[in-house]
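# Analysis of the macromolecular model
Spelled out from the first residue to the last, the chains are:
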Amino acid sequence: MLDLRFICENLEFVKQNISNKNEKADISEILNFDNRRREIIIEVERLKNLRNVVSKDIAELKKNKHDADKQIAEMKEVSDTIKSMDDEQREVEQKIREIQIRIPNVTHPSVPIGKTEDDNKIVYTWGEKKENPHAKNHIEIAKSLGIVDFERGAKVSGAGFHFYTGKGAKLERALINYMVDYHVEKHGYTELMPPFVVNENSMFGTGQLPKMAEDMYKSDADSMYFIPTAEVPVTNFHNGEMLKGEDLPIKYTAYSPCFRREAGGYGKEVRGLLRVHQFNKVEMVNFVKPEDSMNQLEIITSEAEDILKSLGLHYRRVLLCSGDTSFASAITMDLEIWTQGEAKWLEVSSCSCFTDFQARRANIRFKRDATAKPEFVHTLNGSGVATPRLMVAILENNVREDGHVTIPEPLRQFCGFDEI
RNA sequence: GGAGAGGUGGCGGAGUGGCUGAACGCACCGGUUUGCUAAACCGGCAUAGUGGGAAACUGCUAUCGAGGGUUCAAAUCCCUCCUUCUCCA
């Protein structure tokens, strides 16, 4: 959420940013609403002051056994006026809020303006494309090795759900444990195991609501949402809190399943593990001082890259253009790995700096020291990383002539076997 | 599922209708004193909105889990919800 005063003072800039982000929020009326809001406040506060003063007089009169009927009658009228003005103020503020919560975060100046992923900027590429003469599609590999069962996933839940079976399940768990341990031991993270279902307030805090409501699974009976990423519970871990400046930066990592309806996505792009309704991901979330956030984006991105490097994956870092940068993000770096079977770059990580956008929504502040004024923290998060496409790359890049897959060395101690 | 008790400032904890933005304590900041440390003493110490002012600063309003209600006046009374704890099944 952007600061109301900032919006009003930079209306054209904010409008341009909305369009840069391919969003459609209409904010033209917000100035009128804000002016009306202030008119009401000035008048209603004058009346409240009158009421407070006279109420004290009434208390004094009553204490001295004097008659206060006249004052009480007057204040009853004043109170009625106050009530109706309070109502109008609430309505106006609601209208302002409805506009405000749909305004996306302002992109960082270094973000290229663009409409689609074609306008994204490849920052650099790490490693090189190796030729695997035996490369096959991951679906074929998984089926022949019996490590993923798509059909039964569809039977039990629906299209876009799958079972990992046998060594596939073990490898999946190994990936998760490898990455969580890596961030804890090598990057100084604290591990959290969060709830996977959260309330509306949390979804609002990180910016999924109201815009992304259609993309999430929901339990209507409880108004609870299945998390689309651990970012939601982990960022909201500190919802409403006042953090200490000396404790920053705070770095959490968390494994969670991620639930996404992926409304509207069909066809080749959704084959196999490429786009599924439930997948596992290890997430990193940082809380930092405002002046550190851009530097922290570099750090968190490189922490995700460490995972890919350690697994010997050829990847590239992509700076998303404005149109591809998500609602709440100011700047996002995607990491894409090369898969030899699909012969495609697949996104496995998205590292974003949200500046104070989420912190303002979730009311997460900090004090630099005991006497300092509260400020909003800056939040960042990065996938470190999502497993399905990692699995795709591991299968496709390491499949051998005999059809078996060699497990990358760092994972072996986590899964207990060196090939499938 | 049933019964009951709570949720107050950074923390602990008073407070059952007006003199309470909130006693007291802790923490923290400034100062005095002590050879240093510790202790003692004095003072300060919430957030947001809105107005005035170039600014320093300052007036007002709101805020005691959240939202409604009663009342001239609500931390205090009523209702709904969230949440914590104790006991019962």
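Below, the structure is looked at part by part. (Residues numbered from 1 in each chain as written. Chains lettered and ligands numbered in written order. Predicted model: local features only at pLDDT ≥ 70, side-chain atom pairs only at ≥ 80, totals over all residues. Heavy atoms only, no water.)

## Side note on helix α3 (residues 30-63)
As a reminder of what qualifies: Elements are defined by DSSP. Helices are runs of H or I of four residues or more, strands are runs of E of two residues or more, and each kind is numbered from the N terminus. Every helix has an expected span of 1.5 Å times one less than the residues it contains. When accessible area is computed with a 1.4 Å probe and restricted to protein chains, residues below 20% of their type maximum are described as buried, those above 50% as exposed, and intermediate ones as partly exposed.
Helix length check: α3 (34 residues) gives 48 Å between terminal C-alpha atoms against 50 Å at 1.5 Å per residue, within 8%. Burial in α3 covers these residues: I30, F33, D34, I40, I41, V44, L47, V54 and I58. Positive backbone phi, at 60 degrees, marks K65, one or two positions downstream of α3.

## Structural notes on the pattern of salt bridges
Threshold: Any Lys or Arg side-chain nitrogen found within 4 Å of a carboxyl oxygen on Asp or Glu counts as a salt bridge.
Under the defined criterion, the tally for this structure stands at 27 salt bridges. Its salt-bridge partner being K344, residue E342 comes within 3.6 Å of it at the nearest N-O pair.

## A few points about a negative patch on the surface
Spelled out, the test is: A residue counts toward a patch only above 30% relative accessible area and without a salt bridge, and it is joined to like-charged neighbours within 9 Å or, for Val, Leu, Ile, Met, Phe, Trp and Tyr, to nonpolar neighbours within 5 Å. The Shrake-Rupley method, run with a 1.4 Å probe, gives the accessible areas here. Residue values count only the displayed protein chains as cover. Note that His is not counted, nor are the chain ends; the positive residues are Lys and Arg, and the negative ones are Asp and Glu. For this purpose, a charge sits on NZ of Lys, CZ of Arg, CG of Asp or CD of Glu.
Among the surface-exposed residues, E117, D118, D119, D324 and E347 lie close enough to one another that they form a single negatively charged patch. Inspection of the secondary structure puts D324 in the loop between β11 (315-319) and β12 (331-339).

## Observations regarding the pairing of strand β9 (residues 250-259)
Just so we agree on the cut-off: Strands are labelled as partners when DSSP assigns at least two bridges between them.
Buried residues dominate β9, accounting for ten of its ten residues. Residues I250, Y252, A254, S256 and C258 point to one face of β9 and K251, T253, Y255, P257 and F259 to the other, with burial holding for every one of them. Relative to β9, strand β4 (residues 190-192) is paired through three bridges, and the arrangement is parallel. Note on β9: the bridge partner recorded for L192 is A254.

## Remarks on the protein's contact with RNA strand B
Where we set the bar: Here a residue counts as near a molecule or strand whenever at least one of its heavy atoms sits within 4 Å of it. Pairing of N or O atoms within 3.5 Å defines a polar contact, subject to two protein rules: one partner must be a possible hydrogen donor and the other a possible acceptor, and residues neighboring in sequence count only if both atoms are side-chain atoms. Polarity classes work like this: nonpolar for Ala, Val, Leu, Ile, Met, Phe, Trp, Tyr, Cys and Pro, charged for Asp, Glu, Lys and Arg, and polar for all others, with Gly in that last group.
Near RNA strand B lie 25 residues; those nearest to it are R5, R37, N49, S79 and A370. What you see for RNA strand B is that sugar and phosphate hold 76% of its atoms within 4 Å of the protein. Between a phosphate oxygen of RNA strand B and a side-chain N or O atom of K83, the distance comes to 2.8 Å. One of the side-chain N or O atoms of R90 is found 3.1 Å from a phosphate oxygen in RNA strand B. Broken down by element, the residue count for the surface near RNA strand B peaks at 13 residues, all from α3. Here the residues of the surface near RNA strand B are counted per class, giving eight nonpolar, five polar and twelve charged.

## Notes on the packing of helix α7 (residues 167-187) against helix α12 (residues 387-398)
As a reminder, the rule being used: Note on geometry: axes are lines fitted to C-alpha atoms, helical ones only across the stretch in contact, with angles between N-to-C directions running from 0 to 180 degrees. Convention used here: angles under 35 degrees read as roughly parallel, angles over 145 as roughly antiparallel, angles from 65 to 115 as roughly perpendicular, and any remaining angle as oblique. Each helix crossing is assigned a hand: it is left-handed if the near helix lies turned anticlockwise from the far helix by less than a right angle, otherwise right-handed if that turn is clockwise. Whether two residues are in contact is decided by their heavy atoms, any of which lying within 4.5 Å being enough.
The contact between α7 and α12 brings their axes to 11 Å, and the two run at 115 degrees. Taken together, α7 and α12 sit at an angle that is classed as roughly perpendicular. In the crossing of α7 with α12, the sense of the turn from one axis to the other is right-handed. Across the interface between the two elements, G168, L171, E172, L175, I176 and M179 from α7 touch T387, L390, M391 and I394 from α12.

## With respect to the sheet that holds β4
Note on sheets: strands pair through backbone hydrogen bonds, and any given pair is parallel or antiparallel. Read across the open sheet, the eight strands follow the order β1-β11-β12-β13-β16-β10-β9-β4; overall the sheet is mixed. Of all the strands in the sheet, just β1 (121-126) and β4 have a single pairing partner and so form its edges. Here the average twist between neighbouring strands, direction ignored, is 25 degrees. Where strand β10 (residues 278-288) lies against strand β16 (residues 378-386), seven bridges are found, and the strand directions are antiparallel. Bridge pairing in β16 places N286 opposite L380. α7 rests against β4, β9, β10 and β16 of the sheet, and its axis sits at about 10 degrees to β10.

## Section: the packing of aromatic side chains
The description of an aromatic ring pair uses the distance of the two centres, along with the angle that the planes make with each other. Cut-off, in case you're wondering: Aromatic rings from Phe, Tyr and Trp, with only the six-membered ring used for Trp, were paired whenever their centres fell within 6.5 Å, and each pair was classed as stacked if the ring planes differed by under 30 degrees, edge-to-face if by over 60, and tilted otherwise. Two thresholds decide whether a charge sits over a ring: the Lys NZ or Arg CZ must be within 6 Å of the ring centre and within 35 degrees of the ring normal.
Scanning the entire structure with this criterion turns up twelve aromatic pairs. Measuring from ring centre to ring centre gives 5.3 Å for F226 and F259, while their planes differ by 85 degrees; the resulting arrangement is edge-to-face. Of this pair, F226 sits in strand β7 (residues 224-226) while F259 is found in strand β9, placing the two residues 33 residues apart along the sequence. What makes F226 partly exposed here is its relative accessible area of 30%. Grouped by ring-pair contacts, the aromatic residues F161, Y217, F226 and F259 constitute a single cluster. Positioned above the aromatic ring of W338 is the side chain of K129, whose terminal nitrogen or guanidinium carbon lies 4.1 Å from the ring centre. Taking the ring centre of F204 as reference, the NZ or CZ of R361 above it sits at 4.3 Å.

## Examining the sheet that holds β7
Strand order across the open sheet formed by three strands is β5-β7-β6, with antiparallel pairing between neighbours. The open sheet has two edge strands, β5 (197-199) and β6 (218-219), and neither has a second partner. Looking at chain direction, β6 and β7 are connected through two bridges and run antiparallel. Bridge assignment links S219 to a residue of β7, and that residue is M224.

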